[in-house]
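Okay, here's what each chain looks like letter by letter:
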Amino acid sequence: MKKNRRSLLKAIGLGSIAAIGPSATFAQSKAAGRFSYCLNTSTIRGQRPGLKKYIEIAAKAGYDGIEVWIEDVKKYLAEGNEAADLKTMVADHGLRVENAIGFAPWMVADEQESQAGFMQMKEEMEILAAIGCHRVAAPGVGAKAPVDLMLAGKRYKALLALGRETGVMPQLEFWGAFAPFHHLGQVLMVAAVADDPDTRLLPDVYHLFRGGSGFEGLKLISGKAIEIFHMNDFPGDIPREQQQDKDRIYPGDGVAPLGQIIRDLKAMGGDKILSLELFNPGYWEQDPLEVAKTGLEKMKSAVDSALA
């Protein structure tokens, strides 16, 4: 029974305690994966530069990739532009489209509403595949508390099958201020129920804090189960339950235990994309290129400090 349980956990990427143990040293995990850096366009969304400018800014700032919002891609295509040209533009700027942010209501309990969500997700996955993006965020949009986590796991397994069909894999996401699906424990339950080797989780510094998950749970996740991690920080002078997306600040400017988080991401193995995701209206009033550069510098500084 022990062996079977361990095999199941490892198969879905939840078994790092058995694999490396909570007391694993950095020396043991030094060769485990590498970090690359990505700009989520929400960080400079308030300046409304447009999709083409997002790409140019990310490249000039020195990022490896960009994380787009599906609504921006749809708007760009609706203006008469071609998906193939967008794919070429990204490549010509030396970037990758690492992930896309969307809001299809696939997790809802109502069968018809869920089916509509799956249809929306399929349409958006096909668009993303055409621009060279192979991941899409899959939050619990539309779900109502209490979420049936067994049903959500079955829905996520079906969504993974759709991802394999389209070539765009859904990254299971939770939002700390979204009561129905706000905690890392819920995500791990859904992942376990899905029982699928392609399960991927999309955590976020702010959401781990805001939803009360804390950060020790990251030690329960291993290897490729996390490919993208949203980077940000939060201030220490606002009560947790009162913090909002707009309160996110640059990595290292707040009180998040970034050193521990980065070391845990490194120790679990597998390459990790650190994507800067901020919604700070103060940053939206500044030059978008300077905001992008500052965010990248602070992410790299946090990694260098954590792994020194």
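Sequence positions are assigned chain by chain, starting from 1 and proceeding in written order. A pLDDT threshold of at least 70 governs which residues receive local features in this predicted model, and a stricter bar of 80 or more applies before side-chain atom pairs are shown or counted, although totals over entire chains, interfaces and linings include all residues. The side-chain quantities take in all heavy atoms of the structure and omit both hydrogens and water.

J.: Got a sec to walk through the packing of aromatic side chains? Specific residues and values, please.
T.: Pairing of aromatic side chains here covers Phe, Tyr and the six-membered ring of Trp, requires ring centres within 6.5 Å, and sorts the geometry by plane angle: under 30 degrees stacked, over 60 edge-to-face, intermediate tilted. The full count for this structure, using the stated rule, is eight aromatic pairs. Where W69 meets F279, the ring centres are 6.1 Å apart and the plane angle is 70°; that geometry is what we call edge-to-face. Here F279 lies in the loop between β8 (272-276) and α12 (281-284) and W69 lies in strand β2 (residues 65-69), a separation of 210 residues in the sequence. Per residue, the accessibility class of W69 equals that of F279, and both read buried. Each ring, one from W175 and one from F178, has its centre 5.7 Å from the other, and the planes form 65°; the classification is edge-to-face. We call a residue buried when its accessible area falls under 20% of the maximum for its residue type, exposed when it is over 50%, and partly exposed in between, using a 1.4 Å probe and counting protein chains only. A relative accessible area of 22% places W175 in the partly exposed class. Ring pairing ties together the aromatic residues W69, F103, W175, F178 and F279, which thus form one cluster. In this structure, R45 packs its charged tip against the face of W69, placed 4.2 Å from the ring centre. Comment: elements are numbered from the N terminus, with helices defined as DSSP H or I runs of at least four residues and strands as E runs of at least two. Only when the NZ of Lys or the CZ of Arg is both within 6 Å of the ring centre and within 35 degrees of the ring normal is a charge said to sit over the ring.

J.: Tell me about unusual backbone geometry, and name the residues and values.
T.: Cis rather than trans, the peptide bond between A145 and P146 has omega equal to -5°. Position of P146 relative to the elements: it lies in the loop between β4 (135-138) and α8 (149-166). Even without glycine at this site, R48 takes up a positive phi of about 50°. As for its position among the elements, R48 is in the loop between β1 (35-40) and α4 (51-61). Of note in this structure, D195 is not a glycine but carries a positive phi near 50°.

J.: Would you mind going over the sheet that holds strand β5 (residues 169-173) in detail, with residue names and values included?
T.: Strand pairing requires that DSSP identify at least two bridges connecting the strands. As summarised here, the arrangement of the three strands in space is β4-β5-β6, forming an open sheet in which the pairing is parallel. Sheet topology places β4 and β6 (201-202) at the edges, where each strand pairs with a single neighbour. Inspection of the sheet shows β4 paired to β5 by four bridges, in the parallel sense. Residue A138 lies in a different strand from β5, and its bridge partner there is L172. Contacts: residue pairs with any heavy atoms within 4.5 Å of one another. Axis definition: a line fitted to C-alpha atoms, over the contacting stretch in the case of helices. Angles run 0 to 180 degrees between N-to-C directions. Against the sheet, α8 engages β4 and β5, with an angle of about 150° to β5.

J.: Describe the environment of I66, with residues and values.
T.: Its place among the elements puts I66 in strand β2. Along the chain, I66 and N40 lie 26 residues apart, while their C-alpha atoms are 6.0 Å from each other.

J.: An account of the sheet that holds strand β7 (residues 228-231) is requested, with residue identities and associated values reported.
T.: Read from one edge of the open sheet, five strands run β3-β2-β1-β8-β7, paired in parallel fashion. At either margin of the open sheet sits one strand with a lone partner, and together these are β3 (96-101) and β7. On average, each strand axis in the sheet is tilted by 30° relative to the strand beside it, whichever way the strands run. Here β1 runs beside β8; their pairing, made up of five bridges, is parallel. Looking across to β8, one finds that L39 is bridged to L276. The sheet strands contacting helix α11 (residues 258-267) are β1, β7 and β8, and the helix crosses β7 at an angle near 170°. Where helix α13 (residues 288-307) meets the sheet, its contacts fall on β1, β7 and β8, and the angle it forms with β1 comes to roughly 150°.

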